[in-house]
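Read off the chains here:
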Amino acid sequence: MDHPLRYAYRPRPFAAETTLDLTREALVAVRAGKETVLPYRDIATIRLFYAPRGINFSGFKAKIYARNGKTIAFEDRSYKSLVEQERQEGPYRAFVTALAAEAERRNPDVLIHAGKMMPMLVLTALAGGVTLALLAYFALKTLAAGQYLLTLGIAVFVTYFAVWTWQFILRNRPRTFRARAIPGDILP
């Protein structure tokens, strides 16, 4: 890598900006004057997630684990203010792709994973299923009571929540891959 590739984002409103540089030998993260350096050969795992926030259907996150226990996490959104977020889909995709390729080139044993661990995914599916069942029950009760507008509102929310939960589970199914074949459903 001849010149550093940089990715910068603000993880929360009013938080210091974090800059990540892919230098010749290492991933360098700087936040509020504190620098973390992870040489590519020391990166043990790269995990990519589908991580929507709130009711949005978009959002992605990467977490880098080093052999010495250090971690670096970043996402495809950056806060500009308390309520305004900036989507950084292109730069995030380019940075993650370059990071995975460089880490794999320097350390062929690096593990590159997509999604959540299976126990977390199962718990999410169970919580989503119970929530959907309860909401469907409430929709039937409001229908029986003749509250048609409320029933329609609950039905719309149940449908939206079911699709959101299904997307979360489907995109975050655990799998491993090589840097040249990053699954498209965990990148923007």
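None of the values given here were measured: they were computed from a predicted structure.

Describing the sheet that holds strand β11 (residues 175-176)
Across the sheet, five strands lie side by side as β7-β6-β5-β10-β11; this open sheet has mixed pairing. Each edge of the open sheet carries a strand with a single partner, namely β7 (71-75) and β11. Direction of pairing for strand β10 (residues 111-114) relative to β11: antiparallel, over a ladder of two bridges. Paired with His113 across the bridge in β11 is Thr176.

Notes on the side chain of Thr36
Residue placement: Thr36 occurs in strand β4 (residues 34-39). Once residues lying within four places of it in the same chain are set aside, the contact partners of Thr36 are Leu27, Val28, Ala29, Lys70 and Ile72.

Overview of the side chain of Ser78
One can find Ser78 in strand β8 (residues 77-79). The exposure class of Ser78 is buried, given its relative accessible area of 6%. Of the polar contacts made by the side chain of Ser78, one reaches the backbone nitrogen of Arg10; its length is 2.8 Å. In this structure, Ser78 is in contact with Tyr9, Arg10, Glu84, Gln85, Glu86 and Gln88, ignoring residues within four places of it in sequence.

Re the pairing of strand β5 (residues 43-50)
For β5, a buried count of seven out of eight residues is recorded, marking the element as mostly surrounded by other parts of the structure. Sheet topology places β5 next to β10; four bridges connect them, and they run parallel. Looking at the pairing, Leu48 lines up with Ala114 of β10.

Considerations on the nonpolar core
Among soluble globular proteins, nonpolar side chains are generally buried collectively. Counting 37 residues, the largest nonpolar core has Leu27 and Phe74 as its most contacted members. It is helix α1 (residues 89-106) that provides the largest number of residues to this core, a total of seven residues. Among residues more than four places away in sequence, those in contact with Leu27 are Leu20, Asp21, Leu22, Thr36, Val37, Leu38, Tyr40, Ile64, Ile72, Phe95 and Leu99. Membership of the second largest hydrophobic core comes to five residues, among which are Leu132, Ala139, Ile154 and Val158.

Things to note about helix α2 (residues 118-144)
Helix length check: α2, at 27 residues, gives a terminal C-alpha distance of 39 Å against a target of 39 Å (1.5 Å per residue), a fit within 8%. Looking at the packing, one finds that the buried side of α2 touches α3 (148-171). Where α2 terminates, the next one or two residues include Gly146, which has phi positive at roughly 80°.

Calculation criteria
Note that residues are indexed from 1 along each chain, following the sequence as it is written. Where totals are concerned, whole chains, interfaces and linings use all residues; where local detail is concerned, this predicted model gives features only for residues with pLDDT of at least 70, and gives and counts side-chain atom pairs only at 80 or more. To get the side-chain values, take all heavy atoms of the structure and skip hydrogens and water. Strands pair, by our definition, only if DSSP identifies at least two bridges between them. Helix and strand definitions here come from DSSP, where helices need a minimum of 4 consecutive H or I residues and strands a minimum of 2 consecutive E residues; each element is numbered from the N-terminal end. Note on definitions: a residue-residue contact is assigned when non-hydrogen atoms from the two residues lie within 4.5 Å. Burial classes: relative accessible area under 20% of the type maximum marks a residue as buried, over 50% as exposed, and values in between as partly exposed (1.4 Å probe, protein chains only). Any pair of N or O atoms that falls within 3.5 Å is considered a polar contact. Within protein, one atom must be able to donate a hydrogen and the other to accept it, and sequence-neighbouring residues count only if both atoms are side-chain atoms. As used here, the term nonpolar core means buried Ala, Val, Leu, Ile, Met, Phe, Trp, Tyr and Cys residues forming a set that is joined through side-chain atoms within 4.5 Å. Take the number of residues in a helix, subtract one, and multiply by 1.5 Å to get its expected span.

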